[in-house]
Amino acid sequence: MKDADVSKQIQQMIRFIRQEAEEKANEISVAAEEEFNIEKLHLLEAEKRKIRQEYERKAKQIDVRRKIEYSMQLNASRIKVLQAQDEAVNSMKDAAKKALLRVSNDKKAYKKLMKDMIVQGLMRLREPSVILRCREGDRKLVESLLEEAKKEYSEKANLQSPKITLDDRVYLPPSPKNSAVDSHEPFCSGGVVLASEDGKIVLENTLDARLDVIFRQKLPQIRKRLLG
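We now turn to the structure provided with this report. On a predicted model such as this, the values are computed, not experimentally measured, just so you know.

1. Some details on the pattern of salt bridges
Counting across every chain of the model gives 17 salt bridges. Residue Glu27 is joined to Lys24 by a salt bridge in which the shortest nitrogen-to-oxygen separation is 3.9 Å. One end of the pair is Glu27 and the other is Lys24, both in helix H1 (residues 3–101) and three residues apart, which spans about a single turn. Taking the shortest distance from any N to any O, the salt bridge between Asp63 and Arg66 comes out at 2.9 Å. A residue pair is termed a helical-turn pair when its members lie 3 or 4 positions apart in one helix, as Asp63 and Arg66 do in helix H1 at three residues. Salt bridges sharing partners connect three or more residues here, namely Lys112, Lys115, Asp116, Glu148, Glu152 and Lys156.

Listed below in structure tokens is the structure:
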């Protein structure tokens, strides 16, 4: 074989090897590009997930914070409403207490009221012997009513007249000075306290005690009427 033919074959082999190398390099390059794009897509999706998760986490935090703030504001509003309700109710009760202080000013009406309260107390106790306490300023009035009250009790209860001992050592507190019903000093607007002779049973039938009882009983209706 001539040198020219040998050289030609060598050149053909070189071209063939080069072409295969180039094709292989292209395949490697394409595969690498595909892997790069796939990996880039994976990384991009992973970052997107992280961003979405972080957004959702922060959104939940904001929602929880908003709910907590709303609940706190709602509770604060409820407390203010309850405080306003209590102030309105207490103001009404104070007005009623002040009105009670004027009851004893009408001598005739107060005399009848005192007799009725004594009889009512006797009816509740139904004791043969009773100790009665009143305000010192009401002592003479009460003394003048005892016989009439005992007689009325006896007729209503169909029982023998009880023995009533008027306590001359312990008196109920007087009315508050200057009608200060919010005073911390004890006071009594009128009425009586009755007790069994042994002191085991005590019945408060004062105007103030009656007001407290009625107020507790009627409080739901009072709140509804005042506040709706």
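On we go from here.
2. Let's talk about the environment of Glu147
Mapped onto the fold, Glu147 is located in helix H3 (residues 139–157). Each C-alpha atom, one on Glu147 and one on Ile164, is 9.3 Å from the other, the two residues being 17 residues apart in sequence.

3. Thoughts on the state of the cysteines
Under the definition given, this model contains zero disulfides. Lacking any disulfide linkage, Cys134 is separated from the closest cysteine sulfur, that of Cys188, by 9.2 Å.

4. Description of the layout of surface pockets
In this structure, the largest pocket occupies an estimated 180 Å³ of space. Every residue along the wall of the largest pocket is listed here: Ser104, Asn105, Lys107, Tyr110, Arg135, Glu136, Gly137, Asp138, Leu141, Pro174 and Ser175. A breakdown of the residues in the lining of the largest pocket according to their chemical character gives three nonpolar, four polar and four charged.

The rules behind each value
Residues numbered from 1 in each chain as written. Predicted model: local features only at pLDDT ≥ 70, side-chain atom pairs only at ≥ 80, totals over all residues. Heavy atoms only, no water. Salt bridge = Lys/Arg side-chain N within 4 Å of Asp/Glu carboxyl O. Helix = DSSP H or I, 4+ residues; strand = E, 2+ residues; numbered from the N terminus. Disulfide = S-S within 2.5 Å. 1 Å grid on protein atoms, 1.4 Å probe; cavity = no way out; pocket = protein on both sides within 12 Å on 5 of 7 lines; lining within 4 Å. Points joined across faces, edges and corners; volume = space filled by probe spheres on them. Nonpolar A, V, L, I, M, F, W, Y, C, P; charged D, E, K, R; others polar.

Keep in mind that these numbers describe shape and distance, not what the molecule does.
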